[in-house]
Protein chains: 2
Amino acid sequence: MEEIEQVLDFVIEIEKLKDVHRKTKPIGLDRYENSAEHSWHVCLCALMLKDYANEKINIDRVIKMLLIHDLGEIDAGDTIIYKSEIPEVKEKEVAGVERILGLLPVEKQEEYKALWYEFEAGETPDSKYAKAIDRIPPLLHNLHGEGHSWNTHNISKEKVFSINSRIKEGSESIWASIESKLHEAVSKGILK
Amino acid sequence: MEEIEQVLDFVIEIEKLKDVHRKTKPIGLDRYENSAEHSWHVCLCALMLKDYANEKINIDRVIKMLLIHDLGEIDAGDTIIYKSEIPEVKEKEVAGVERILGLLPVEKQEEYKALWYEFEAGETPDSKYAKAIDRIPPLLHNLHGEGHSWNTHNISKEKVFSINSRIKEGSESIWASIESKLHEAVSKGILK
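Note that the structure is a prediction, hence the values are computed from the model and not measured.

A. Examining the overall build of chain A more closely. For chain A, the helix and strand inventory stands at 11 helices and 0 strands. Its helices and strands in sequence order give chain A the pattern α-α-α-α-α-α-α-α-α-α-α, from N to C terminus. Sorting the 192 residues of chain A into buried and exposed places 58% on the buried side. Counting only contacts in chain A whose residues sit at least 6 apart along the sequence, the fraction spanning at least 24 positions is 67%. Total accessible area computed for chain A in this model is approximately 8000 Å², and 49% of it derives from carbon and sulfur atoms. Within chain A, the 36 negative side-chain charges are centred at a point lying 6 Å from the centre of the 26 positive side-chain charges.

This is how it looks when you write it as structure tokens:
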């Protein structure tokens, strides 16, 4: 019974992710996306594209990674992927993950902290695929939204291609599809 | 390659769930919740409470169910659980699920439509647990938010207890915890 209460406190705390705003707007909406709805979106994206991972992956672990991957943003906020990593922000995010997952019963804390660090490191097949998928929806937002976030943050096409080409570490074929869409965006003039 | 494009079209279509508004506000926020962020929230809630299901469940199937459980609302909108089911709205939701999951490659369509109908029927251990969890966050929103949705929609305590007691079909112990919180809400006067 006490453990249920502890988990319910965690469930309440993570509501705050619904108030962390990201840098792109969902297609067709005139507001920024929040990290909670983004987390749902990447889970379904990962699930439906799982057959295109480069290596053999465990999709159930990937989904769990993606469900928790942004929890640290509750304390650290969201950072645009095109900015170099600021050590203070990364430290805040790690401390946030430790604090928030630390609300769970002990064995669960350990299990999900390990999964989060695996995602962060991005070295296993599961985390390489999860990280690749994490980049897809914001690219679609820009591609179908006049490159709004690229323009607002002055992101050059060189940067967009170089940062996102890391998608191919998780999936060569998904990157091939995205890469051709980015070339189209360049020719349309929405990616400069 | 064509299949990837097909899945990406699905990924874009389901963005619309971020614009389906529910009847409760997340704790601490002065806006209504949307069904996409709700879907993320119930997945983590289900994952962290899985040991309290009455029967043996497959949590990976439960999470997949919860990721897709509200997709039909893109066409039908969200309905409060305390209203009797309106056949026209249910029909719209079913048609919506068929349309949206119908955007996927054929084998995936079949797999996820079957999973959605299983959730809807609520007769298997996985779907009974998933349905129980689906009720937890809106109850927490009311319990920690002055019963805002109960009051706005004139929901009596009798109705709240009777409708939500179905949680015990998925988990007796989670219902015990929630039931005691509801009694507390009655004694505080926020549930009348």
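On we go.
B. Main features of the relation of the copies chain B and chain A. It takes a turn of 180 degrees to lay chain B on chain A, together with a shift of 0.0 Å along the axis; the resulting RMSD is 0.0 Å. The relationship between the two copies is best expressed as a two-fold rotation axis. Every residue of chain B has its C-alpha some distance from the rotation axis, and the shortest such distance is that of glutamate 37 of chain B, at 2.0 Å. Take the interface residues of chain B: 100% of them recur as interface residues in chain A, which is what a same-surface contact looks like.

C. Structural view of the packing of helix α6 (residues 106-121) of chain B against helix α7 (residues 125-134) of chain B. All names here are of chain B. The interhelical angle for the contact between α6 and α7, taken along N-to-C directions, is 70 degrees, at an axis separation of 8 Å. With respect to each other, α6 and α7 are oriented roughly perpendicular. Note that α6 runs across α7; the crossing there is right-handed. Here Glu118, Phe119 and Glu120 of α6 lie close against α7, whose contacting residues are Asp126, Ser127, Ala130, Lys131 and Asp134.

D. Region of interest: the interface of chain B and chain A. With 52 residues of chain B at the interface, the matching set in chain A holds 52 residues. Regarding the contact of chain B and chain A, the summed buried area is about 4800 Å², with carbon and sulfur atoms giving 72% of it. For the chain B face of the interface with chain A, the top three residues by lost area are Lys18, Trp40 and Met48 of chain B, together amounting to 17%. Here chain B and chain A share 8 salt bridges between them. For aspartate 60 of chain B, the salt bridge is made with lysine 64 of chain A, and the minimal N-O distance between the two is 2.9 Å. Linking chain B to chain A there are 28 residue pairs in polar contact (both at pLDDT 80 or more).

E. Quick peek at the pattern of salt bridges. Tallied over the full model, the rule gives 42 salt bridges over all chains. Measuring nitrogen to oxygen at the nearest pair gives 2.6 Å for the salt bridge that ties arginine 61 of chain A to glutamate 118 of chain A. Highlighted residues: arginine 61 of chain A in helix α3 (residues 59-68) and glutamate 118 of chain A in helix α6 (residues 106-121), separated in sequence by 57 residues. One salt-bridge network, in which partners are shared between bridges, spans Glu15 and Lys18 of chain A together with Arg22, Lys23, Glu33, Asp70 and Asp78 of chain B.

F. Fine view of the state of the cysteines. Taken as a whole, this structure holds 0 disulfides over all chains when the rule is applied. The thiol of cysteine 43 of chain B is unpaired, and the distance to the nearest cysteine sulfur, on cysteine 43 of chain A, comes to 6.5 Å. Free cysteine cysteine 45 of chain B: the closest other cysteine sulfur is in cysteine 43 of chain B, separated by 10.0 Å.

G. Summary view of unusual backbone geometry. Residue and element names in this part refer to chain A. If you check the backbone angles, glutamate 146 has positive phi at about 55 degrees while not being a glycine. Summarising the element assignment, glutamate 146 is placed in the loop between α8 (136-143) and α9 (148-152). Looking at glutamate 146, the relative accessible area reads 59%, which means it is exposed.

Criteria and thresholds
Residues numbered from 1 in each chain as written. Chains lettered and ligands numbered in written order. Predicted model: local features only at pLDDT ≥ 70, side-chain atom pairs only at ≥ 80, totals over all residues. Heavy atoms only, no water. Helix = DSSP H or I, 4+ residues; strand = E, 2+ residues; numbered from the N terminus. Buried < 20%, exposed > 50% of the residue type's maximum accessible area, 1.4 Å probe, protein only. Contact = heavy atoms within 4.5 Å. Areas by Shrake-Rupley, 256 points an atom, 1.4 Å probe, with all protein chains shown as cover. Lys, Arg positive; Asp, Glu negative; His and termini not counted. Charge placed at Lys NZ, Arg CZ, Asp CG, Glu CD. Least-squares fit on C-alpha atoms with pLDDT ≥ 70 in both. Axes fitted to C-alpha atoms, helices over the stretch in contact; angles between N-to-C directions. Parallel < 35°, antiparallel > 145°, perpendicular 65-115°, else oblique. Left-handed = near helix turned anticlockwise from the far one by under 90°. Buried area = accessible area lost by both parts, 1.4 Å probe. Salt bridge = Lys/Arg side-chain N within 4 Å of Asp/Glu carboxyl O. Polar contact = N/O pair within 3.5 Å; in protein donor to acceptor, adjacent residues only side chain to side chain. Disulfide = S-S within 2.5 Å.

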